[in-house]
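Coordinate inspection notes
Here are the chains, one letter per residue:
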Amino acid sequence: MKHLLCAFLVLTGLASAMELPAIDGMSYDPAAVGAKKAVVLFFVSPFCSTTKSFMKEINQISADYGDRLVVYLVHSDPEITKEVAMEHAILSEVKVTVLLDKEQALAKQVQAKITPEAVVTGPDGKTLYKGRINDLYLGPTKRQRTATTKDLRDALDAILGGKPVPAPQEPAQGCKIGGMK
């Protein structure tokens with residue numbers, strides 16, 4: 001009976017079928033919005049120099065929006081151990097929950113392929129935004145001195161204001177998520 005109830009909740013969208021371990025020893029449902037408006041997923045890698053360039057902005061976005069949105073840092077490379085993810089979080093001064101997606105189930109579900117890449121999902125689990133954080137990188141190796149856009153912030157402001165997310169959504173530039181097929 002318990003399995004039937006769980007299956008019903010998942011099929012009706014009242015519960016998510018995914019729980020991921022975090023470096024804090026707990027497990028989290030990356031789709032659970034709770035009382036907040038959306039979930040922001042930052043796909044990152046400590047092995048990607050592009051990720052390093054964005055960590056200050058990722059932390060600032062997390063601080064600026066964390067009271068209204070659920071924010072996670074996600075490591076989807078199966079080579080990243082809990083210890084490596086913890087070290088990355090400490091060195092990068094990460095204040096949000098860090099998830100380990102070793103099976104790449106979440107990355108595949110939201111079609112994340114690059115680090116760093118931002119994906120924002122709504123309460124219904126649908127992707128509202130998927131792409132770059134800003135235009136600091138215009139290509140895989142084409143870095144500007146400073147960003148001139150704030151793509152993710154514009155999308156988050158629209159979501160919080162009940163407006164449609166600006167289009168087009170520019171793709172993230174960086175490193176491929178390790179092991180993605």
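Everything here concerns the structure above.
So, here is what we can say about the structure in this document. Everything quoted here is computed from the prediction, not taken from an experiment.

Take the overall build of the protein chain next. When helices and strands are tallied, the protein chain shows five helices and 11 strands. Computed over C-alpha atoms, the radius of gyration of the protein chain comes to 16 Å, within 12% of the 16 Å expected from 2.2 N^0.38 for 181 residues, which places it in the range of a compact globule. Overall, the C-alpha framework of the protein chain stretches about 60 × 40 × 30 Å when taken along its three principal axes. Burial status across the protein chain gives 44% buried among its 181 residues. Sequence-distant contacts, at least 24 apart, represent 68% of the contacts inside the protein chain between residues at least 6 apart. Only carbon and sulfur atoms are counted for the fraction: they give 57% of the accessible area of the protein chain, which is about 10000 Å². Each charge sign in the protein chain was given a centre, from 22 positive and 20 negative side chains, and these centres are 4 Å apart.

What follows covers the sheet that holds strand 7 (residues 117–121). Here five strands make up an open sheet; going across it, the order is 5-4-3-7-8 and the pairing mixed. Two strands in the sheet have a free side with no partner beyond their single neighbour: strand 5 (97–100) and strand 8 (127–131). In this sheet, adjacent strand axes meet at a mean angle of 20 degrees when their direction is disregarded. Of the strand pairs in this sheet, strand 7 and strand 8 are connected by four bridges, and their pairing is antiparallel. Note on strand 8: the bridge partner recorded for A118 is G131. The strands touched by helix 2 (residues 49–65) are strand 3 (39–44) and strand 4 (70–75); relative to strand 3, the strand with the most contacts, the crossing angle is about 165 degrees.

Now for helix 2. For helix 2, spanning 17 residues, the distance from its first C-alpha to its last is 25 Å, which sits close to the expected 24 Å at 1.5 Å a residue. The largest bend in helix 2 comes to about 45 degrees, at M55. Burial in helix 2 covers these residues: T50, T51, F54, M55, I58, N59, I61, S62 and Y65.

What follows covers the state of the cysteines. A full pass over the atoms with the stated rule returns one disulfide. Through a disulfide, C48 is tied to C175; the S-S separation comes to 2.2 Å. The sign of the 80 degrees torsion about the S-S bond sets the C48-C175 disulfide as right-handed. Remark: C175 occurs in strand 11 (residues 175–176) and C48 occurs in the loop between strand 3 and helix 2; sequence separation between them is 127 residues. With a relative accessible area of 24%, C175 lands in the partly exposed category.

Rules used throughout
- Residues numbered from 1 in each chain as written.
- Predicted model: local features only at pLDDT ≥ 70, side-chain atom pairs only at ≥ 80, totals over all residues.
- Heavy atoms only, no water.
- Helix = DSSP H or I, 4+ residues; strand = E, 2+ residues; numbered from the N terminus.
- Rg over C-alpha atoms; globule rule 2.2 N^0.38 Å.
- Buried < 20%, exposed > 50% of the residue type's maximum accessible area, 1.4 Å probe, protein only.
- Contact = heavy atoms within 4.5 Å.
- Areas by Shrake-Rupley, 256 points an atom, 1.4 Å probe, with all protein chains shown as cover.
- Lys, Arg positive; Asp, Glu negative; His and termini not counted.
- Charge placed at Lys NZ, Arg CZ, Asp CG, Glu CD.
- Pairing = 2+ DSSP bridges.
- Axes fitted to C-alpha atoms, helices over the stretch in contact; angles between N-to-C directions.
- Expected span 1.5 Å × (residues − 1).
- Bend = angle between axes of the 7 residues up to and from the residue.
- Disulfide = S-S within 2.5 Å.

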